[in-house]
Amino acid sequence: MSYSTTKRSLEIELISAEGLKVDRKPVKRKTFCVVRIDEKSKNSKLDEPGGSYPVWKDKIEMEMPVNGSVRFISIEVLYRTGGGVEKSVGHAKIPVTDFMGGFAPQGHLNFLSYRLRDEYGDKSGIVNVSIMVKPEGRDIKYSSPSPSMVVPADYAACSSQAAAAANGQMWTSSSQAATVGYGRRVVTGVPVWCAYQRPF
Amino acid sequence: MGNCLSGDVEGGKQAIGGVQQRPTSTTTNNAAHNDAVDFFFRSRGQFPLFSQIELSLSASNLIDRDITSKSDPMAVMYLRKKDGKLEEIGRTEVVLNSLNPKWIEKITVSFQFEAVQTLVFHVYDVDTRYHNVPVKTLKLKDQDYLGEATCVLSEIMTKPNRSVTLNLAGNFGAGVSRKLGTLSVQAEETVASKTVVEMDFRCVNLDNKDLFSKSDPFLRISRIVENSVAVPICRTEVVDNNLNPVWRPVCLTMQQFGSKDTPLVIECFDFNSNGNHELIGTTEKSVAELERLSLHKEVARFVYPSTSHGRNKVLKGQLIVDRFVEKVQYSFLDYISSGFELNFMVAVDFTASNGDPRTSSSLHYNDPSGRLNSYQKAIMEVGEVIQFYDSDRRFPAWGFGGRIADGSVSHAFNLNGASYGDEVVGVEGIMTAYASALHNVALAGPTLFSHVVDRAAHIASQSLSQNNPKYFVLLIITDGVLTDMAGTLDALVRASDLPLSVLIVGVGNADFKQMEILDADKGRRLESSTGRIATRDIVQFVPMREVHSGQVSVVQALLEELPGQFLSYVRSRNINPVGAPPAT
């Protein structure tokens, strides 16, 4: 991609989570979120009243290299015990293609939701975030669609490749990263439903 | 049940009615819900003979099906159709541990003056282990049955106080006759209004009602209707162990609170898992008064109603409104009439599962006598509606699952056969393109939706990058037999954050179970194989056989969810109608 710099600034809002569970029981503690890009990480503030349906609405800004070295950003939800110990509820990996390139034009505010899985690969809730890639100084907002979308005729091929690539990356990297059956459990290809609370 | 005391009371502690959790959610009382249908009819001089009615339910003296605690009741309302079958209209929330529940969730039904609408109410005791589950997904056969009651809607509407009390009846095996309690139904006509108020409430110095810890307070807001009955409209979440609680923002629509001068009863309770929530204090304020409180940084004192002296005891506890914002919530029609464009795209199923076009049983039957086949009928009926709402009547039209001229199977070919340019004009354009495709394309397979969904998503995303006020609707006309469920889910989830809805129109009589899964109506969000979850519900499934059997009109069926899906997109992004002043 023809970016002048190798880093882009991301505005990430950690909005909320739904149905957080630890050992199949709803979380009742204070929860917070950690975003990791490359080696760097940032925390959201703690949510106290929400329990298993926390609302953080916390905006953070992070830089992301765009030279292809970062293909995922990771989000982990943790809770704090009464003694101040921090324990993991679950984590999710966000492929960069979900908010850059693909269907997301530049400057688009992406509302994204992901399934959280705990260290055993079991479902432990859903996390809702929004991500905006801040336009570079010289870029006009919504100026140019990403290269993969310029030629409409090639589009279908591009997109399915991109999707396939994203999937491929997902599996290889997740099975490398987590040895404890994470990849195996995810690649079912069967829609598996998990109940979530509808807001009324 | 029985383990109610063991701690899983989370479900009972959540807020109901007017406290938003997901940024992309629309309020359940969507005033614009039938606007789109209304507008369609009115434009042709047909005024719909119905009005929207909101029913509030309450029950008393329900039977107890739990051993160590009380029942956790939920009511389900059905409409009895002509053939005697019950069609579910709506469900209330689950009230924890109560034999005299007052449900907050309202059930909306359109009152048709000329029809006899028989309503059937079923009351269930919902097992504790389902308490964290959205009520729409509950399987009713897993729940304990508490009885049922029936009445005719016009019966309620003609009563002076617009309410009826019905005796619950039920079959509990041979020879068992028990008093099952009563169910009261209160009806109100809904007011379509755009005003919404958002308030941040907190309290200080609440009385302590718990022995070993502090109170667990929550607020319940009720509106006093004409006959001085208080109808609860919203409840905040429970703040544990706190005498100075701060609650999440409460968002009330004018539909909920009536007018700014309607008195509202605000009660503060101490949450008890056994259902005996103890009243801490109560105060009566209209929305206008609450606004004044916030403006002048004043407080409202809670009082405790006294039964013996007739004088209420004024308490130390105070209610504070930290923030009061009045917003205008635009309706679907506000957007459309301001110049927000709807653009439809059409994709037709050319897979072999539809049957050989030469046989008369085929859905694609090429009738020499010129009679329309199932697809043509569907295109004609659906086309009339989308043509009305599409701004330029130009539709990109594709086919999928067919073997095209070069001998390859394509999952997104141009219906008009052109190698470049997929747009056709009007319903006639779709019909002509369809007829030519039927001649030039051989039915093949497999059935993949993902290519057409991706193509639609691409168009939507391009329009987005040009910052156009446009919303897209992909219409897939199919026999409903899907080969690649996982791929379709992935494509739909990928597209769920774009200004796009997918309307799947099912023709024929195949098993539409897969389509129902894609239509994430039952409160479940679609999940892709990569673990991404659909940002919002963008799919609606319309089986044509229901339209043809006269159960719903094609307009109603098609436009049922579209306004809501559209609004969930624009509202989550604070997009206003074109030229409208920005919301505060």
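Residues numbered from 1 in each chain as written. Chains lettered and ligands numbered in written order. Predicted model: local features only at pLDDT ≥ 70, side-chain atom pairs only at ≥ 80, totals over all residues.

## Details of the sheet that holds strand E19 (residues 402–403) of chain B
Within a beta sheet, neighbouring strands are joined by backbone hydrogen bonds and run either parallel or antiparallel to one another. All names here are of chain B. Rules: A strand pair is defined by DSSP finding two or more bridges across the two strands. Helix and strand assignments come from DSSP, with helices taken as H or I runs of at least 4 residues and strands as E runs of at least 2, each series counted from the N terminus.
The sheet built from three strands is open, its strands ordered E20-E19-E23 with antiparallel pairing. Lying at the two open borders of the sheet, with one neighbouring strand each, are strand E20 (409–410) and strand E23 (442–443). As defined by bridge partners, E19 adjoins E20 across two bridges and the pair is classed as antiparallel. Bridging from a neighbouring strand, glycine 402 pairs with serine 410 of E20.

## Describing the confidence of the model for chain A
To keep it simple, the criterion reads: A score from 0 to 100, pLDDT tells how confident the predictor is in each residue. The contact rule is simple: place each C-beta atom from the backbone, and if two of them lie within 7 Å, those residues are in contact.
On average, residues of chain A score 73 in pLDDT, and 66% of them are at 70 or above. For residues 138–200 of chain A, every residue scores under 50 in pLDDT, and the model assigns this stretch 99 contacts once sequence neighbours within four places are set aside.

## Considering the environment of isoleucine 12 of chain A
Among the structural elements, isoleucine 12 of chain A can be located in strand E1 (residues 7–18). Excluding residues within four positions of it along the chain, isoleucine 12 of chain A makes contact with Val35, Ile60, Met62, Val129 and Ile131 of chain A.

## A look at unusual backbone geometry
Residues and elements named next belong to chain B. Filter applied, for reference: Residues with at least 20 other C-beta atoms within 10 Å of their own are called buried, those with 12 or fewer are called exposed, and the rest are partly exposed. The C-beta atoms themselves are positioned from the backbone.
Along the chain, glycine 445 connects to proline 446 via a cis peptide bond; the corresponding omega equals -10 degrees. When you line up the elements, proline 446 lands in the loop between E23 and helix H9 (450–465). Its identity is not glycine, yet asparagine 97 carries a phi of approximately 45 degrees, on the positive side. Checked against the element boundaries, asparagine 97 lands in the loop between strand E3 (86–91) and strand E4 (107–112). For asparagine 97, a count of 24 C-beta atoms within 10 Å gives the class buried. Positive phi, close to 65 degrees, is recorded for asparagine 467, a residue that is not glycine.

## With respect to the packing of H9 of chain B against helix H10 (residues 485–495) of chain B
Residues and elements named next belong to chain B. This is how it is decided: For helices, the axis comes from a line fit to the C-alpha atoms of the stretch in contact; other axes are also lines fit to C-alpha atoms, and the angle between any two N-to-C directions lies between 0 and 180 degrees. Roughly parallel refers to an angle under 35 degrees, roughly antiparallel to one over 145, roughly perpendicular to one between 65 and 115, and oblique to any angle outside these ranges. All amino acids are sorted into three groups, where Ala, Val, Leu, Ile, Met, Phe, Trp, Tyr, Cys and Pro are nonpolar, Asp, Glu, Lys and Arg are charged, and the leftover types, Gly among them, are polar.
It is the contact of H9 with H10, at a shortest axis distance of 9 Å, that shows an interaxial angle of 10 degrees. Overall, the two elements H9 and H10 adopt an arrangement that is roughly parallel. Where H9 approaches H10, its residues Ser450, Val453, Asp454 and Ala457 are matched on the opposing element by Gly487, Thr488, Asp490, Ala491, Leu492, Arg494 and Ala495. Across the contact of H9 with H10, the residue classes break down as five nonpolar, three polar and three charged.

## Comments concerning helix H14 (residues 562–572) of chain B
Residues and elements named next belong to chain B. Residues of H14 that are buried include every one of Pro563, Gly564, Gln565, Phe566, Leu567, Ser568 and Tyr569, and no others. Against the buried residues of H14 lie helix H2 (35–43), helix H6 (332–337), strand E24 (470–478), strand E25 (500–506) and helix H13 (554–559). Note on H14: the residue one or two positions beyond its end, asparagine 574, has a positive phi of about 50 degrees.

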